[in-house]
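# Descriptive structure summary
Given next are the chains, with one letter for each unit.
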Amino acid sequence: DMITSKFNQYSVNLIQTTEEMWQLLNTFRKDIFVGLDTETTGLDFRKDVTVGYCVSGGTDYTPNGYRGYYIPIRHLPCPETGMDFNLPIDEVVKFIQTIMDNYYTIFWNRNFDFHFFESDGVKITPNQNYHDAQVMRYLSNQKPMPSLKTTCEELFKWNVIEYSENNAKGNSFATTDPRVSY
C-alpha cells in the first residue's frame, strides 16, 4: 500500500513501485495542470543530481481531487535498515517524459528543474505546455524572484516546511529517508 498522509488538507503520497507510479496517469485529467518538481543533492546545477521527483495532479484542484506524490530515485540506503527505496531511473524518466509530452505542466523555477530533467534523460520539447509558476507570480506582484515558501504562505495561507527541517546531512536530500521526507 502507498504511504499517505495529509498536508494543508491535500493527500501526499510516497510512490514505492513502478506499478503505483504508472497508475497515477489513470487519476490525472488532461485539462488539469500536473505539477512537477525535482529534489536534488543541492542547488548547484553543475555538480548536484536529482534524488527524487515530486508530481501532483488529479481530477480537479480541490483537496479531494488533487494529490501530491514523491518518486525517489537516488536516495542513499536507509542507515538503520540498509533498505533502498529508489525506483529504477530509466522507468521514472519514461514516466516523467509521458507526463511532459501529454499534460499541461507547471513548475516552480522551470529552468532549474529542466537542467536536472535533461541530465536524467528527459527530453525538453520546445513549444510544449510547460509553465513556470515563479514567473507567473513575479508578473502578478512584480517582486523579483518570489520564493515558493512566501507565495504559499501569502496566497494560500498554507503551512510550509522549512528546508532545514528535513534533517538532510549537508543539505543533500539524498540523505533523507523517503518514507519520512515525502
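Structure: see above.
Attention here is on the structure that accompanies the text. (Residues numbered from 1 in each chain as written. Predicted model: local features only at pLDDT ≥ 70, side-chain atom pairs only at ≥ 80, totals over all residues. Heavy atoms only, no water.)

## A few points about the sheet that holds strand S4 (residues 50–58)
Note the threshold: The criterion for strand pairing is that DSSP finds at least two bridges linking the strands in question. Secondary structure counts use DSSP, requiring at least four H or I residues in a row for a helix and at least two E residues in a row for a strand, with both numbered from the N terminus. In this analysis, axes come from line fits to C-alpha atoms, helices being fitted only over the stretch in contact, and the angle between any two N-to-C directions falls in the range 0 to 180 degrees.
Spatially, 7 strands are ordered S1-S2-S5-S4-S3-S6-S7 in an open sheet, and the strand pairing comes out mixed. Edge positions in the sheet fall to strand S1 (3–7) and strand S7 (130–132), since each of these pairs with one other strand and no more. Strand after strand, the sheet turns through a mean of 25 degrees between neighbouring axes, direction not considered. One ladder, built from 7 bridges, connects S4 with strand S5 (residues 66–72); its direction is antiparallel.

## Side note on the packing of aromatic side chains
Aromatic rings considered in pairs are described by the distance between their centres and by the relative angle of their planes. Put simply, the test is: Pairing of aromatic rings covers Phe, Tyr and the six-membered ring of Trp, with a centre-to-centre limit of 6.5 Å; geometry is then stacked below 30 degrees between planes, edge-to-face above 60, and tilted otherwise.
With the rule as written, the count across this model stands at 12 aromatic pairs. A centroid spacing of 5.4 Å and a plane angle of 85 degrees characterise the contact between Trp-22 and Phe-95, whose relative ring orientation is edge-to-face. Taken together, the residues span a long stretch of sequence, with Trp-22 in helix H1 (residues 18–23) and Phe-95 in helix H2 (residues 89–102) at a distance of 73 residues. Taken together, the aromatic side chains of Tyr-53, Phe-107, Phe-114, Phe-117 and Tyr-130 make up a single cluster linked through ring pairs.

## Structural notes on the environment of Tyr-61
We count it as follows: When a residue's accessible area, from a 1.4 Å probe over protein chains only, is under 20% of the maximum for its type it is buried; when over 50% it is exposed; and in between it is partly exposed. Throughout, a contact is declared for two residues whenever any of their heavy atoms are within 4.5 Å. Within 3.5 Å is the distance limit for a polar contact, defined as a pair of N or O atoms, with the added protein rule that one can donate a hydrogen and the other accept it, and that residues adjacent in sequence qualify only through two side-chain atoms.
On the secondary structure map, Tyr-61 appears in the loop between S4 and S5. Among the residues examined, Tyr-61 registers a relative accessible area of 42% and is labelled partly exposed. Each C-alpha atom of the pair Tyr-61 and Tyr-10 lies 9.8 Å from the other, and the pair is 51 residues apart in sequence. With near-sequence residues (within four places) excluded, Tyr-61 lies in contact with Tyr-10, Asp-31, Ile-32, Phe-33 and Tyr-66. A polar side-chain atom of Tyr-61 sits 2.8 Å from the main-chain amide nitrogen of Phe-33.

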